[in-house]
Amino acid sequence: MSSSSHYWQGARLTLRAIEPSDIELFKAFDDTIDRNVDAVYWPQPDRRRQEWLESELKPREDDSFRWIAVAGGDEAVGTIDAFACNRRFGTFKYGLALAPSQQGKGYGREMIEMVLRFYFNELGYQKATPHVYSFNEPSIKLHEKMGFMQEGRLRNMVYTEGRYFDEIYFGMTRDEFNEKYGAAR
């Protein structure tokens, strides 16, 4: 087993770099996924999606990265990206999205665990600080079940479907992760 497969091969998923053909996965995302990640936007032409994907293929100057989660050998089921990586403070954020047909299968947990293991035990980061909007109950439950601590709540931070919702901040330290999941597999 190569050293990279240690981090990128899970029980049911493999995380790999984004490829041009992954445009199909992003086309499959619906308004619910867009809302959970960021916001619902105007309909976008394929050209704009393609430009975005091409920008994601370019190397980044920091430790941020986007992976594609693949199940069953070659079926792209979702994406996870690490961002806001601050080496000085040892903190980073991440966001994930699963195709609607792939939700509720435990893939999100597996994706998060692989990324945390790499950032904590290979890159030396000390804390992950994702945020979730208060309308996204499945993500809130997932983070709580994984052992994340709710560290803060900013009220009325996002407007969607005619209402304002809170932004909930979660945190997990490297020590907390290693205690719960073990430093190595």
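This text goes with the structure placed above it.
Overview of the structure.

Calculation criteria
- Throughout this description, residue numbers start from 1 for each chain and increase along the sequence as written.
- This being a predicted model, a pLDDT of at least 70 is required before a residue's local features are given, and a value of 80 or more before pairs of side-chain atoms are given or counted; all residues contribute to the totals for chains, interfaces and linings.
- By convention in this description, side-chain values take in all heavy atoms of the structure and omit both hydrogens and water.
- Strands here mean DSSP runs of E at least two residues long; helices mean DSSP runs of H or I at least four residues long; both are numbered from the N terminus.
- To estimate how far a helix should extend, the number of its residues minus one is multiplied by 1.5 Å.
- Only protein chains enter the accessibility calculation, which uses a 1.4 Å probe; a residue whose area is less than 20% of its type maximum is buried, one above 50% is exposed, and one in between is partly exposed.
- Aromatic rings from Phe, Tyr and Trp, taking only the six-membered ring of Trp, are treated as a pair when their centres fall within 6.5 Å; an angle between ring planes under 30 degrees marks them as stacked, one over 60 as edge-to-face, and anything in between as tilted.
- What makes two strands pair is DSSP finding at least two bridges between them.
- By salt bridge we mean one thing: a side-chain nitrogen of Lys or Arg within 4 Å of a carboxyl oxygen of Asp or Glu.
- In plain words, nonpolar cores are sets of buried Ala, Val, Leu, Ile, Met, Phe, Trp, Tyr and Cys residues tied together by side-chain atoms within 4.5 Å.
- Every residue pair with non-hydrogen atoms within 4.5 Å of one another is taken to be in contact.
- Note on geometry: axes are C-alpha line fits, over the in-contact stretch for helices, and angles between N-to-C directions span 0 to 180 degrees.
- To sort the angles, those under 35 degrees are grouped as roughly parallel, those over 145 as roughly antiparallel, those from 65 to 115 as roughly perpendicular, and the leftovers as oblique.
- Note on convention: the crossing is left-handed when the near helix lies turned anticlockwise from the far helix by less than a right angle, right-handed when the turn is clockwise.
- All residues other than Ala, Val, Leu, Ile, Met, Phe, Trp, Tyr, Cys, Pro, Asp, Glu, Lys and Arg, Gly among them, are scored as polar; the first ten of these are nonpolar and the last four charged.

## Description of helix α5 (residues 107-121)
For α5, built from 15 residues, the straight-helix expectation of 21 Å at 1.5 Å per residue is met to within 8% by its first-to-last C-alpha distance of 21 Å. Here α5 lies mainly inside the structure; 12 of its 15 residues are buried.

## Describing the packing of aromatic side chains
Two numbers describe a pair of aromatic rings. These are the distance of the centres and the angle of the planes. Counted under the stated rule, the structure contains 17 aromatic pairs. Look at phenylalanine 92 and tyrosine 125: their rings are 5.6 Å apart centre to centre, the planes differ by 80°, and that puts the pair in the edge-to-face class. With phenylalanine 92 in strand β4 (residues 91-98) and tyrosine 125 in the loop between α5 and β5 (127-128), the pair connects residues that are 33 residues apart, well separated along the chain. The residues phenylalanine 92 and tyrosine 125 share a single accessibility class, namely buried.

## Focus: the pairing of strand β7 (residues 149-160)
Of the pairings in the sheet, the one linking β7 to strand β8 (residues 163-173) comprises eight bridges and is antiparallel in character. For leucine 154, the partnering residue across the bridge sits in β8 and is glutamate 167. Between β7 and β8, which pair antiparallel in sequence order, lie two residues; one of them, glutamate 161, sits at a positive phi of approximately 50°.

## A word on the pattern of salt bridges
Per the stated rule, a full pass over the model turns up 12 salt bridges. Between arginine 49 and aspartate 46 there is a salt bridge, with its nearest N and O atoms 3.3 Å apart. Note that arginine 49 and aspartate 46 are positioned in helix α4 (residues 46-57) at a spacing of three residues, about one turn of the helix. With relative accessibility at 46%, the residue aspartate 46 sits in the partly exposed group. Residues aspartate 166 and arginine 153 are paired through a salt bridge, measuring 2.6 Å at the closest nitrogen-oxygen approach. Of this pair, aspartate 166 sits in strand β8 while arginine 153 sits in strand β7, and the two are 13 residues apart along the sequence. Its relative accessible area of 43% is what places arginine 153 among the partly exposed residues. A single network of salt bridges, built from pairs that share partners, joins Glu56, Arg60, Arg66 and Asp81.

## A few points about the nonpolar core
Leu15, Phe92, Leu116, Tyr119 and Phe148 are the most contacted members of the largest nonpolar core, which totals 34 residues. Once residues lying within four places of it in the same chain are set aside, the contact partners of tyrosine 119 are Asp63, Ser64, Phe65, Trp67, Ala82, Cys85, Phe92, Gly124 and Tyr125. In this structure, Ile18, Ile23, Phe29 and Val70 belong to the second largest nonpolar core, which totals 10 residues.

## So, the packing of α5 against helix α6 (residues 137-146)
One can describe the packing of α5 onto α6 by two numbers: an axis separation of 11 Å at closest approach and a directional angle of 50°. Considered as vectors, α5 and α6 are oriented oblique to each other. The handedness of the crossing between α5 and α6 comes out as right-handed. For the pair α5 and α6, contact is made by Gly108, Arg109, Ile112 and Glu113 and by Leu142, His143, Lys145 and Met146, respectively. Across the contact of α5 with α6, the residue classes tally to three nonpolar, two polar and three charged.

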